[in-house]
Amino acid sequence: MCVRRIGRGQMIVSMKLALRIFSPPSSSHLCHALSLKPGKLPVESIQVVLEELRKKGNLEWLDKNKSSFLIMWRRPEEWGKLIYQWVSRSGQNNSVFTLYELTNGEDTEDEEFHGLDEATLLRALQALQQEHKAEIITVSDGRGVKFF
């Protein structure tokens, strides 16, 4: 499978598919605006777009050959900021949560990070940990986090 959705706002894409994704359909106005032949966006152009996404933190290469990549709707730091804003707004500083509680608990149902996959959540919490706003810990039923 070339594209695999792995969580809220994330997908894994193969480079072969990227060539097709970024190739405008023949009826596309973009095709005429860029003076491209329909369905023929040069590989170099795709690589420029992907490199920009990587620089902004929205793309992560999954292999050394740069043939598969993870596209993230929000950077881990942005997810971390949303989570920390909720913690502060709800008066939960100095509290401990399991990862499950954060993404699946009743208290977070109305939050954008509700339903976030564990890999993205961990990246977000690691970003908060680097800012000394949280600490990822081991709790009896898995991993958890303490917010400061």
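Definitions and cut-offs
- Residues numbered from 1 in each chain as written.
- Predicted model: local features only at pLDDT ≥ 70, side-chain atom pairs only at ≥ 80, totals over all residues.
- Heavy atoms only, no water.
- Helix = DSSP H or I, 4+ residues; strand = E, 2+ residues; numbered from the N terminus.
- Buried < 20%, exposed > 50% of the residue type's maximum accessible area, 1.4 Å probe, protein only.
- Contact = heavy atoms within 4.5 Å.
- Areas by Shrake-Rupley, 256 points an atom, 1.4 Å probe, with all protein chains shown as cover.
- Pairing = 2+ DSSP bridges.
- Expected span 1.5 Å × (residues − 1).
- Phe/Tyr/Trp six-rings, centres within 6.5 Å; stacked < 30°, edge-to-face > 60°.
- Patch = residues over 30% accessible without salt bridge, like charges linked within 9 Å, V, L, I, M, F, W, Y side chains within 5 Å.
- Salt bridge = Lys/Arg side-chain N within 4 Å of Asp/Glu carboxyl O.
- Lys, Arg positive; Asp, Glu negative; His and termini not counted.
- Charge placed at Lys NZ, Arg CZ, Asp CG, Glu CD.
- Axes fitted to C-alpha atoms, helices over the stretch in contact; angles between N-to-C directions.
- Polar contact = N/O pair within 3.5 Å; in protein donor to acceptor, adjacent residues only side chain to side chain.

Participant: What is the right way to look at the overall build of the protein chain in this model?
Facilitator: From N to C terminus, the protein chain includes six helices and seven strands. When the helices and strands of the protein chain are read in sequence order from the N terminus, they spell out β-β-α-α-α-β-β-α-β-α-α-β-β. In the protein chain, which comprises 148 residues, the proportion classed as buried is 36%. Contacts in the protein chain between residues far apart in sequence, at least 24 positions, make up 48% of those at least 6 positions apart. Counting every atom, the protein chain has about 9300 Å² of accessible surface; 50% of that belongs to carbon and sulfur.

Participant: What's the story with the pairing of strand S6 (residues 134-139) in this structure? I'm lost.
Facilitator: Remember that side chains alternate between the two faces of the sheet whenever the strand is regular. Bridge count between S6 and strand S7 (residues 142-147): six bridges; the pairing is antiparallel. What sits directly across from Ile-136, in S7, is Val-145.

Participant: It is not clear to me how helix H3 (residues 43-55) should be interpreted in this structure. Could you clarify?
Facilitator: Quick reminder: α-helices carry 3.6 residues per turn. Residues three or four places apart thus point the same way. When the terminal C-alpha atoms of H3 are compared, their 18 Å separation across 13 residues agrees well with the 18 Å that a helix rising 1.5 Å per residue should span. Directly beyond the C-terminal end of H3, a positive phi value near 90° is found at Gly-57.

Participant: Just to check I follow, could you spell out the pairing of strand S4 (residues 68-72) for this structure?
Facilitator: With three bridges connecting them, strand S3 (residues 59-61) and S4 associate as antiparallel partners. Among the inter-strand pairings, Leu-59 is bridged to a residue of S4, identified as Ile-71.

Participant: Help me understand the packing of aromatic side chains in this model?
Facilitator: Any aromatic ring pair is given by two values, namely how distant the centres are and how the planes are angled relative to each other. Evaluation of the coordinates by the stated rule reveals five aromatic pairs. Look at Trp-61 and Phe-69: their rings are 5.4 Å apart centre to centre, the planes differ by 80°, and that puts the pair in the edge-to-face class. Note on accessibility: Trp-61 and Phe-69 belong to one class, buried. Pairing Trp-86 with Phe-113 gives two aromatic rings, centres 5.9 Å apart and planes at 65°, and the pair type is edge-to-face. Linking Trp-86 in helix H4 (residues 76-89) with Phe-113 in the loop between helix H5 (99-104) and helix H6 (118-130), this pair joins segments that are 27 residues apart in sequence. Through successive ring pairs, a cluster of aromatic residues spans Tyr-84, Trp-86, Phe-97, Phe-113 and Phe-147.

Participant: Explain a negative patch on the surface here, please?
Facilitator: A contiguous patch of negative charge, built from Glu-101, Glu-106, Asp-107, Glu-109, Asp-110 and Asp-141, is present on the exposed surface. Within the secondary structure layout, Asp-110 lies in the loop between H5 and H6.

Participant: How do you make sense of the sheet that holds S7 when you look at a structure like this?
Facilitator: The strands making up a sheet associate through hydrogen bonds between their backbones, and the pairing can be parallel or antiparallel. Taken in spatial order, the three strands make up an open sheet running S5-S7-S6, and their pairing is antiparallel. At either margin of the open sheet sits one strand with a lone partner, and together these are strand S5 (96-98) and S6. Strand after strand, the sheet turns through a mean of 30° between neighbouring axes, direction not considered. Sheet strands touched by H6: S6 and S7. Its angle to S6, the strand with the most contacts, is close to 130°.

Participant: In this structure, what is going on with the side chain of Asn-58? I would like to understand it.
Facilitator: The topology assignment puts Asn-58 in the loop between H3 and S3. Its relative accessible area of 15% is what places Asn-58 among the buried residues. If we skip the residues at most four places from it in the chain, Asn-58 touches Leu-53, Leu-70, Ile-71, Met-72, Trp-73, Arg-74 and Arg-75.

Participant: Please clarify how the environment of Glu-51 should be interpreted in this entry.
Facilitator: With respect to the helices and strands, the residue Glu-51 is situated in helix H3. For the pair Glu-51 and Trp-61, spaced 10 residues apart in the sequence, the C-alpha separation amounts to 9.9 Å. A polar atom in the side chain of Glu-51 sits 2.4 Å from the side chain of Arg-54.

By themselves, these are just geometric observations and shouldn't be taken as functional.
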